[in-house]
Every structure is written in structure tokens, then in C-alpha cells.
Amino acid sequence: KAKALGGAGYQFFEPEMCTGAKRRLQLEAGLHRALEQRQFELVFQPRVDLGTLRVRGIEALLRWNHPELGRISPLEFIPLAEERGHIEAIGRWVLHEACRTASQLNARHGLALTVSVNVSARQLRSSALVDEVLAALAGSGLSPRLLELEITESALIEDMAQSEQILHRLKAAGVRLALDDFGTGYSSLSYLKRFPVDVLKLDRSFIGQDGADLQFVGALIAMAHALGLSVVAEGIETPAVMRSLQRGACDEGQGYLFARPLPLGDLEGYLAGAAAVMELAAA
Ligand code: C2E
Ligand code: MG
Ligand code: MG
Ligand code: MG
């Protein structure tokens, strides 16, 4: 059939399509056993108070170390895992691992860092999520107020009534809720009123890297504050962007300027270094 499209098209497109389809099949096949073969790993990106520059929390970000293909981005495998019905099991592992790590990290260093966990649309479709969250908290001993779940707007609007009910049950359990990637979809402010969210996370694409759009971002931050939400900016890469967000009274920030997502050992080194810098600054 491809040949009917013409010789040149056939020659040019087929190898590429073939690689893409082959990779997809390989990933799909591998997803079945990735959990039991311990190929998943969490890395942690610090979240910084933009007023004091102290680390306030960490976001857990999933990585898949594929035996043949190397490290795979969650942007590539999470959609596959959702489609193929693996996301519940993977999401459960992420929740437990993130809570356990944060609880141990806090105990070891006398800290009270929040850990943020990304929850996919598919997980929000099932009320089993609430039980999983409670189990992860009980199993790790992490205080519910130190767990934050990050949910995207697109996940919320798939089934608003169901999402709303699940979010209220999670709130009742004492965990914090964040609306992730704000500024990438419809970004309707009405969701901020309807859903019981505590935190608004502004997407990197929304903030920009030149500080030019800051009037708009500043107005949005003011509105979020008026609604009682705290605001976190994602993807801060330059001091100029950090400063303009500070002027806009943005509460917290995350980005390569502060730290990339780090394996646990590197995170502990980073936290020790950050603490030392704060002490020097205070002296
Ligand atoms: P997200 O939750 O919006 O996470 C932020 C993404 O921005 C992360 O990409 C992070 O590494 C990246 N990032 C942070 N700072 C900067 C920066 O200064 N510049 C740039 N260019 N990028 C920055 P990552 O780790 O590849 O994750 C991508 C997405 O995959 C996440 O977006 C989240 O939606 C999803 N994801 C990651 N882990 C999980 C998970 O455990 N479960 C689910 N369901 N989704 C996950
Ligand atoms: Mg996130
Ligand atoms: Mg985000
Ligand atoms: Mg994002």
C-alpha cells in the first residue's frame, strides 16, 4: 500500500516508520516486566521558596532504565502505560517509593520537605487512588500534609464529577493538591474555584525565558493568591526569570537554575550544600 504513494515516499518514509513502530512495540513489550525487573527509578527535583531560596520540597519524577534502549522519558512511556493498562501498578509503585524516600530523607536530616507526586488521568478515574494514597502514607509514616499530588487540567476535565469527588476525598485525607502545567491547556480559572486545589503550578512555556510576559503572569499570581492558592513556577532557567517571578510575588520555583532532577544520593549532597550556603549567608 505504501508503494501506491509513489516510489520516493516509500523509500523515504518506510525506514523511519519502521523504527518508530518497532520502538513502540519494544517499549510496550518491556512495560509488562519493567516493574518486577526493577527498571523504574525516581529522581527528585528541589522546589525552592523564592523569598528565602530555601528548599521547601521535592518533585518525584519517574525514569525507566530500559535494558536495551537506555533511559526512556516519561513523556514517551507514560502514555503507553496508560493505554496498555499498566499505569495503576506503576503509579502505585511511584506513590509508595516517593513517600518512603521523603519520609526517610526527612528523618535522616531533620527536615520537613514536601514530596510532590504526578498523578495521571487514568489514575484519577479510579477511586482506588484514595486507598493507594492512604496505604502509601501509612506504610511510610509520612505526614499527609507533606504529600502533594500533581494533577493536570486535562485529567480533571475528562470526567469532572468523578475527579471532583476523588479530589475531595484526597483533601479529606489531608494531602495537598496541585494543578500542574497551568498555561498549556484551556487554563480555565473556573477550575481553581471548582476543584479543591492548594497549589497552582505555572508551566515553563507559560512563564517564558525572557521575563517579557510577566505582567500577565503577575496578574495571574495575584488572582491565585486572592483565591487562597500558592503559586509555583516550573522550569526557571535564568536568574532574570527568577527575579521577575520574585517581583511578581510567586511563592516557589523549580528549574535547572536551582537543580535538575537528581537521584537520591545527589539530592542529599545538594541539600547539604544548600544548607551550608544559607548558613554562610546568615552569618
Ligand atoms: P511535569 O510534572 O510538568 O514535570 C516537569 C518537567 O520539566 C520534568 O520533565 C522536569 O525534568 C522538567 N524540568 C524541570 N526544570 C526544568 C527546566 O528548568 N528546564 C526544562 N527544559 N525542563 C525542566 P520530566 O522529568 O521529563 O517529566 C515530564 C513529564 O512526565 C512530567 O511533567 C509529568 O507530567 C510526567 N511524569 C513524570 N513522572 C511521572 C510519574 O511518576 N507519574 C506520572 N503519571 N507522570 C509523570
Ligand atoms: Mg509535575
Ligand atoms: Mg508541570
Ligand atoms: Mg510541565
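For the structure itself, consult the block above.
This structure is a prediction, so every number in the text was calculated from the model and none was measured.

Undergrad: I keep staring at the coordination of the magnesium ion (ligand 3) and nothing clicks. Help me out?
TA: Working reference: metal with six octahedral donors, ideal angles 90 or 180 degrees; metal with four tetrahedral donors, ideal angle 109.5 degrees. Protein-derived coordination of the magnesium ion (ligand 3) comes from Asp 180 (OD), Asp 181 (OD), Glu 234 (OE) and Glu 234 (OE), at a distance range of 2.1 to 2.4 Å. We note that the donor set of the magnesium ion (ligand 3) lies within a single chain, spaced as D-D-x52-E. If you look at the magnesium ion (ligand 3) and the magnesium ion (ligand 2), they sit 3.9 Å from each other and are both ligated by Asp 180. Taken together, the positions of Asp 181 in strand E6 (residues 176-182) and Glu 234 in the loop between strand E8 (230-233) and helix H11 (239-247) put the pair 53 residues apart, joining distant regions of the chain. In this structure Asp 181 comes out as partly exposed when scored by relative accessible area, which is 26%.

Undergrad: Explain the pattern of salt bridges to me, please; I cannot follow it from the model alone.
TA: It is possible for side chains bearing opposite charge to pair when their charged atoms get close. In total, this model carries 20 salt bridges according to the counting rule given. A salt bridge links Glu 76 to Arg 23, with the shortest nitrogen-to-oxygen separation between them at 2.7 Å. Of this pair, Glu 76 sits in helix H2 (residues 74-83) while Arg 23 sits in helix H1 (residues 7-34), placing them 53 residues apart in sequence. Glu 83 is the salt-bridge partner of Arg 24, the closest N and O atoms lying 2.6 Å from each other. Taken together, the residues span a long stretch of sequence, with Arg 24 in helix H1 and Glu 83 in helix H2 at a distance of 59 residues.

Undergrad: Just to check I follow, could you spell out the site of ligand 1 for this structure?
TA: Surveying the vicinity of ligand 1 reveals 22 residues, the closest of which are Arg 63, Asn 118, Asp 181, Glu 237 and Tyr 256. At 2.8 Å, a side-chain N or O of Arg 63 approaches an oxygen atom of ligand 1. Here ligand 1 has 810 Å² of accessible area as a free molecule, and 83% of this is covered by the chains. The pocket occupied by ligand 1, as judged from atoms lying within 2 Å of grid points, is the largest pocket. At the level of elements, strand E2 (55-66), H2 and E6 are the ones that each hand at least two residues to the shell around ligand 1. Residue classes in the shell around ligand 1 are distributed as nine nonpolar, five polar and eight charged.

The rules behind each value
Residues numbered from 1 in each chain as written. Chains lettered and ligands numbered in written order. Predicted model: local features only at pLDDT ≥ 70, side-chain atom pairs only at ≥ 80, totals over all residues. Heavy atoms only, no water. Donors = N, O, S within 2.8 Å, 3.2 Å for Na, K, Ca; no water. Helix = DSSP H or I, 4+ residues; strand = E, 2+ residues; numbered from the N terminus. Buried < 20%, exposed > 50% of the residue type's maximum accessible area, 1.4 Å probe, protein only. Salt bridge = Lys/Arg side-chain N within 4 Å of Asp/Glu carboxyl O. Near = heavy atom within 4 Å. Polar contact = N/O pair within 3.5 Å; in protein donor to acceptor, adjacent residues only side chain to side chain. Areas by Shrake-Rupley, 256 points an atom, 1.4 Å probe, with all protein chains shown as cover. 1 Å grid on protein atoms, 1.4 Å probe; cavity = no way out; pocket = protein on both sides within 12 Å on 5 of 7 lines; lining within 4 Å. Sits in = over half its atoms within 2 Å of the grid points. Nonpolar A, V, L, I, M, F, W, Y, C, P; charged D, E, K, R; others polar.

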